[in-house]
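Structure at a glance
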Amino acid sequence: MPNILFAALTEAWDDYETHLRSALDDEDLQYTLATDLPPAEVDYIVYAPNSTVRDFTPYTRLKAVMNLWAGVEKVVKNPTLAAPLTRMVDDEGLTQGMVEWVTGHTLRHHLGMDAHIVNPERIWDDTPPPLAKDRPVTILGLGALGQACARALTQIGFHVTGWSRSKKDVPGVTCLAGAEGLDAALTTAQILILLLPDTPATTNLINADTLARLPQGAVILNPGRGPLIDDEALLTALDANVSHATLDTFRTEPLPRDHAFWCHRRITVTPHIASTTRPDSAARVIARNIARAERGETLHHLVDRTAGY
Ligand code: NDP
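Computed from a prediction, not measured in an experiment: that's the story for all the values here.

What counts as what
Residues numbered from 1 in each chain as written. Predicted model: local features only at pLDDT ≥ 70, side-chain atom pairs only at ≥ 80, totals over all residues. Heavy atoms only, no water. Buried < 20%, exposed > 50% of the residue type's maximum accessible area, 1.4 Å probe, protein only. Helix = DSSP H or I, 4+ residues; strand = E, 2+ residues; numbered from the N terminus. Pairing = 2+ DSSP bridges. Expected span 1.5 Å × (residues − 1). Arc of directions from axis to C-beta. Contact = heavy atoms within 4.5 Å. Axes fitted to C-alpha atoms, helices over the stretch in contact; angles between N-to-C directions. Salt bridge = Lys/Arg side-chain N within 4 Å of Asp/Glu carboxyl O.

A look at the pairing of strand β10 (residues 218-222)
Within β10, five of the five residues are buried, which leaves the element mostly enclosed by the surrounding structure. Side-chain alternation along β10 places Ala218, Ile220 and Asn222 on one buried face and Val219 and Leu221 on a second face that is also buried. The pairing of strand β9 (residues 191-194) with β10 spans three bridges and is classified as parallel. Residue Ile193 lies in a different strand from β10, and its bridge partner there is Leu221. Alignment of β10 against strand β11 (residues 242-247), held across five bridges, turns out to be parallel. Opposite Ala218, over in β11, you have Val242 as the bridge partner.

Notes on helix α1 (residues 13-26)
Over its 14 residues, α1 runs 19 Å from end to end, which matches the ideal 20 Å to within 8%, given 1.5 Å per residue. Within the span of α1, buried status applies to Trp13, Tyr16, Leu20, Ala23 and Leu24. Axial view of α1: buried residues confined to an arc of 100°, hence all on one face. Opposite the packed face of α1, turned more than 90 degrees from it, sit the exposed residues Asp14, Thr18 and Asp26. Buried residues belonging to α1 abut β1 (3-7), β2 (32-34) and α9 (279-294).

What about the sheet that holds β1?
The parallel open sheet is built from five strands, whose spatial order is β2-β1-β3-β4-β5. In this open sheet, the two strands that pair with only one neighbour each are β2 and β5 (85-86). Strand direction decides the pairing type here: strand β4 (residues 64-67) and β5, joined by two bridges, are parallel. Residue pairing in the sheet places Met66 in a bridge with Thr86 of β5. In this fold α9 packs onto β1, β3 (44-47), β4 and β5, with an angle of close to 160° to the strand it touches most, β3.

Some thoughts on the pattern of salt bridges
For the structure on display, the rule yields 13 salt bridges. A salt bridge links Asp231 to Arg251; its shortest N-O distance comes to 3.8 Å. Here Asp231, found in helix α7 (residues 231-237), pairs with Arg251, found in the loop between β11 and α8 (260-263); they are 20 residues apart in sequence, far enough to count as distant. Exposure remark for Asp231: the relative accessible area of 15% places this residue in the buried category. A salt bridge links Arg292 to Glu297, with the nearest nitrogen and oxygen atoms 3.3 Å apart. In this structure Arg292 comes out as buried when scored by relative accessible area, which is 18%.

As structure tokens, then:
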């Protein structure tokens, strides 16, 4: 009978508890689930990096740590963690939330909505926006979320290019990889969407050099992670070829009140709300994975500790 520690600071614990119990019951598991258990008796930790658990050493019989979030940068390098680490994938709530945020902000810029929402001069500019098929969009990161967003944007009609570490095959999407692929992905990107993880290899990927490769008037959406962008280089590019950046993630969160991004007229700040793990759907993902492990099967959604995601 596995002992499951829920180690995440969240106001939604009641919700998580209800849904986890229901999902674990559906898996026919006998278990103990609590927010406080003797470390030496814990088999699984359902984890968020905001938890008070920092040292995994006392958890001597740990079978896995299951990160509630898709991003693992705050736990992946923890030297005290020897057990397998999984991350949140296949939570349809998390995926759908990201698809909606990305689609909404892409359409805002594609349709030029701002000009009509705030139009104090009452200017009647009847220039129609181009069709989606004439607006090339690039997504850096073709993982679970990048592919879902690519599919949604393709269905609307956008020509989507995706870029990842290993070459992907996503119907209707131009899939690129590697350094040469990045160049082609950037030079066509009228709207650039960042859905990469925060790893040593992706830090400052969007810098003065890569920003300069974007076409004139390019828009950047960053629901990925703050460190993907060199902040100073972005501010400089906003005076050159980049027309707007809509940012959901930042190096420091909450974004400090005196940060230049808050009052820049070509930056929209959203407070890391692009998407979030949803207790009902996430509970099913976690319960399924614990059931797999209890049957002796390989865990799903294992993090590659070397690659960092
Ligand atoms: P995945 O791990 O499924 O996908 C990551 C993608 O990035 C993969 O395609 C991977 O390539 C690619 N990648 C990683 N490193 C490199 C590199 N060095 N060069 C090129 N491509 C690289 O992650 P998800 O899609 O689930 O999530 C993406 C990110 O979204 C998360 O890491 C998190 O930071 C962010 N996020 C933000 C949220 C928000 O509310 N703002 C909510 C949830 C997630 P390959 O396929 O070859 O491995």
